[in-house]
Amino acid sequence: MGVEFGSRSGGQGKFSQWLRRRPKDTAGDDRAREELLLAAAAAGLPLAPAAYPSGYRCSCDRIGCPTPARHPVSFAWQTQSTTDRGQIERWARHQPQANFITATGMIHDVLDVPLDAGLEALERLLAAGIEVGPVAESGSGSGQGRLLFYTATRGTPEDEDEWWPCELDCHPETMDEHPGLRWHCRGSYVLVPPARLPDEQEVRWIRGPEHPLPDPLTLLETLTDECARVAGEPQQDIAAWPLRG
């Protein structure tokens, strides 16, 4: 079954249609959402249910939820995450409002950068003929938008003592400490499109999951250059960073 994905440069994908359908088209909305989730799972992205916006609050009803509509429903999300089509269909149908997260560090990592830096980097990478994998846009109208570059994971070293201590390594609870580039790997997650955020923001594909996952190191230099340029900071020498693999 073919799946269309949204694009900044033209055309409305199924996700855009999903957001804009009237209430009478709820069944069609659910089918389009399910197709997009199954396409992500078919590309190898392990999924698990997540919270969603409920009025001005998070569906978890936690007072002062620090990451409204952005966190998994279950504390067991790492073991719960799956690419099994049947399980994802059951979740999607039984929880029609739920967002979904994809667990990183197993099949894929995510390089997560500020929107302006990410768009400039994406243009540079494509112009240079560098293979870019799936890319998602998160919260573009919020003033704090992000661009998420999906890459292959660098893997877990055989010796756990060699696990890299790089300051870019990002976990959900430390995201505010990483306003520039965040590297989601083992123990982290991101929302997978289509997802709804508070204040009518969204997470959507710019480049869908049908694109092969690249090695993150092929993107890293361009992403860090653009993050530094947008922030007005001196560019860093990535050769000095401890990297996995």
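Shown above is the structure to which this text applies.
Participant: So what's going on with the nonpolar core? Which residues, and what values?
Facilitator: Leu47, Tyr150 and Val192 are the most contacted members of the largest nonpolar core, which totals 27 residues. Every element with two or more residues in this core is listed here: α2 (26–42), β1 (47–50), α4 (85–94), β4 (99–103), β7 (146–152), β10 (189–192), β11 (195–197) and β12 (201–207). In this structure, Leu115, Ala117, Leu125 and Leu223 belong to the second largest nonpolar core, which totals 19 residues.

Participant: Account for the packing of aromatic side chains, naming residues and giving values.
Facilitator: Taken as a whole and judged by the stated rule, the model has 3 aromatic pairs. Between Trp77 and Tyr189, the aromatic rings sit 4.8 Å apart at their centres with planes inclined by 80°, giving edge-to-face as the arrangement. Here Trp77 is found in helix α3 (residues 77–80), whereas its partner Tyr189 is found in strand β10, with 112 residues between them in sequence. The same class applies to Trp77 as to Tyr189, namely buried. Relative to Phe100, the ring of Trp91 has its centre 6.4 Å away and its plane inclined at 50°; by these criteria the two rings are tilted.

Participant: I'd like a description of helix α5 (residues 115–127), backed by residues and values.
Facilitator: Structural remark: α-helix, 3.6 residues per turn; residues separated by three or four positions point the same way. Look at α5: 18 Å from first C-alpha to last across 13 residues, which is about the 18 Å you get at 1.5 Å a residue. Those residues of α5 that sit buried are Leu115, Ala117, Gly118, Ala121, Leu122 and Leu125. Relative to the axis of α5, the buried residues are bounded by an arc of 150° and lie together on one face. Seen from the open side of α5, the exposed residues pointing more than 90 degrees away from its buried face are Asp116, Glu123 and Ala127. Buried positions along α5 lie against β5 (108–114), β6 (135–138), β7, β12 and α6 (217–231).

Participant: Give a detailed account of unusual backbone geometry, specifying residues and quantitative values.
Facilitator: That bond from Pro193 to Pro194 is cis: its omega, -5°, falls within 30 degrees of zero. If you trace the backbone, Pro194 turns up in the loop between β10 and β11. The backbone of Ala69 shows a phi angle near 65°, a positive value even though the residue is not glycine. Take Ala69: it is sitting in the loop between β3 (57–58) and α3. By relative accessible area, Ala69 is classed as buried at 0%. Positive phi, close to 60°, is recorded for Glu200, a residue that is not glycine. Taking relative accessible area as the criterion, Glu200 reaches 78% and is therefore assigned exposed.

Participant: Lay out the sheet that holds β1 with the relevant residues and their values.
Facilitator: Spatially, β1-β4-β10 is the arrangement adopted by the 3 strands of the open sheet, whose pairing is antiparallel. Of all the strands in the sheet, the pair left with one neighbour each is β1 and β10. Strand-to-strand twist in this sheet, taken as the mean axis angle between neighbours without regard to direction, amounts to 40°. Against the sheet, α4 engages β1 and β4, with an angle of about 15° to β1.

Participant: Help me get a handle on the pairing of β12, residues and values and all.
Facilitator: Most of β12 is tucked away: 7 of the 7 residues are buried. Pairing of β11 with β12 involves 3 bridges; the strand directions are antiparallel. For Leu197, the partnering residue across the bridge sits in β12 and is Gln201.

Conventions and cut-offs
- Residues numbered from 1 in each chain as written.
- Predicted model: local features only at pLDDT ≥ 70, side-chain atom pairs only at ≥ 80, totals over all residues.
- Heavy atoms only, no water.
- Core = buried A, V, L, I, M, F, W, Y, C linked by side-chain atoms within 4.5 Å.
- Buried < 20%, exposed > 50% of the residue type's maximum accessible area, 1.4 Å probe, protein only.
- Helix = DSSP H or I, 4+ residues; strand = E, 2+ residues; numbered from the N terminus.
- Phe/Tyr/Trp six-rings, centres within 6.5 Å; stacked < 30°, edge-to-face > 60°.
- Expected span 1.5 Å × (residues − 1).
- Arc of directions from axis to C-beta.
- Contact = heavy atoms within 4.5 Å.
- Pairing = 2+ DSSP bridges.
- Axes fitted to C-alpha atoms, helices over the stretch in contact; angles between N-to-C directions.

Any functional reading would require information beyond the geometric quantities listed.
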